[in-house]
Amino acid sequence: MAGGASLGRDFGWLWAAYAAGTLGTWVAFNALPLLAITVLHKGSAEVAALAAVGAAVGAAVALPLGPWVEFRLKRPVMIAMDLVRCAAMLSVAAAYALDRLGFVQLLVVSVVVSAADITFGAASGACLKALVPAQGRLVAQARLESTTWTATVLGPPLGGALVTLLGPVATVLVDALSYLLSAAGIRAIKGREPRPARKEGSGMRAGAARRKGAGMRAGDLLEGWRHILAQPVLRPLFLNSVLVNGLIMATAPLLAVLMLGPLGFAPWQYGLAFAVPCIGGLIGSRLSRPLVARYGRHRVLRTSGVLRACWPVGLALVHPGVTGLVLVMAVELALITCAAVFTPVLAAHRLDLTPTDRVARTLTAWSVTAKASLAALTALWGLLAAAVGPRAAIGLAGVLLLATPLLLPREEARATANVDTCK
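Residues numbered from 1 in each chain as written. Predicted model: local features only at pLDDT ≥ 70, side-chain atom pairs only at ≥ 80, totals over all residues. Heavy atoms only, no water.

**Student:** Explain a nonpolar patch on the surface to me, using residue names and the numbers behind them.
**Tutor:** Among the surface-exposed residues, Trp268, Leu272, Val276, Ile279, Ile283 and Leu287 lie close enough to one another that they form a single nonpolar patch of about 540 Å² accessible area. Going through the elements one at a time, helix H13 (267–275) and helix H14 (279–295) are the ones with two or more residues in the nonpolar patch. When residues in the nonpolar patch are grouped by element, the largest group, 3 residues, is from H14. In this fold, Ile279 is placed in helix H14. (Patch = residues over 30% accessible without salt bridge, like charges linked within 9 Å, V, L, I, M, F, W, Y side chains within 5 Å. Areas by Shrake-Rupley, 256 points an atom, 1.4 Å probe, with all protein chains shown as cover. Salt bridge = Lys/Arg side-chain N within 4 Å of Asp/Glu carboxyl O. Helix = DSSP H or I, 4+ residues; strand = E, 2+ residues; numbered from the N terminus.)

Have a look at this one:
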């Protein structure tokens, strides 16, 4: 399938919904911490708690929702999660307008939005698998990845301009509107969605399941992890992805402290250092499909997985001045380009290797683990930076990242088509 081939009108609506929600999220990037700082006058400890609690508790709340999503129609779930997120953000705007905004409300909204994000992502992955045939999934994932990086480039500057012109709650309202647009896009999908059915065994197990009905079982909570850890290709990809993303993101606050503090970079220089390299996301996502067509998924996953782990250690060498700024931009550009090749290939491969009746639970387990690991690693690296300094902590994370390619799968998946039970 050519990179420009149509994937159908229904995927077009799903893509439009994703674009609306993603752009709104990036326009409102750091909106809640900004309100905590500028309106509630909270310090760094409260702002850090807002980010950590939202991710960790939101992941815990989302955990039982994976099995719940699995055996329900996915599009109504996605619309419901959009409306939940919209209502949560509107509650912030309403409280601000009434001068009743409080830190506890921001914490609750952060948790609700985080849980809804995970649940929406699990349902949307299952929806994409149903809408797009196997040969088109890499193209679809590459388009979503390209959209993510476009929103990453455009969103924060637009958000900053809105805050400057209209005040700190303006981006919150844009985010709420984006969820309404996303829900409208999903509602416009016309294809009939088959009702998911739980597959049962025979004998006593099947009889017990019928007596229990369609309710959630205790084992359903762990089914996503069981599938991931039992799958010889998904297991190393899962461990690699969680560790790499966690180590990269855990050092982001430390790099901000280092650049904006001792190294004396201005805020606009810091923003430029991370905005310009996002162009690499557009480049990498565009390259993923032709690279797979030429070299195969396994080789592209391994190569891009190795390359994306090689660059972050260079951030420990950041220094004042123009050359230091260029160094950060070059490292981030290389890292983001390689990651943008890796991510859509991984996402398509993950869908192909996951049976239709386990997609929601698998994606939920993946997201919950990623968010929980990120929260833990961020806290750990914060303590490490307090002990040895931010530069040393960034360097240690970079050295550890150099070992993560050992977790990548060494053998190519076989009989992938046999795993897909949606036919």
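Don't stop here, the text continues.
**Student:** Kindly report on the packing of aromatic side chains, identifying the contributing residues and their values.
**Tutor:** Per the stated rule, a full pass over the model turns up 4 aromatic pairs. An angle of 25° between the planes, with centres 4.9 Å apart, marks the rings of Trp26 and Phe29 as stacked. The class of Phe29 is partly exposed, set by a relative accessible area of 46%. Over the aromatic face of Phe342 sits the side chain of Arg308, whose NZ or CZ is 3.9 Å from the ring centroid. The ring of Trp366 has Arg350 sitting right over it, with the charged end atom 4.6 Å from the ring centre. (Phe/Tyr/Trp six-rings, centres within 6.5 Å; stacked < 30°, edge-to-face > 60°. Buried < 20%, exposed > 50% of the residue type's maximum accessible area, 1.4 Å probe, protein only. Lys NZ or Arg CZ within 6 Å of the ring centre and 35° of its normal.)

**Student:** Which residues make up the side chain of Gln141, and what are the values?
**Tutor:** Positionally, Gln141 belongs in helix H7 (residues 137–166). Overall, the relative accessible area of 13% leaves Gln141 in the buried class. Those residues in contact with Gln141 that sit more than four places away from it in its chain are Leu128, Pro344, Ala347, Ala348 and Leu351. (Contact = heavy atoms within 4.5 Å.)

Shape descriptors only; they carry no functional weight alone.
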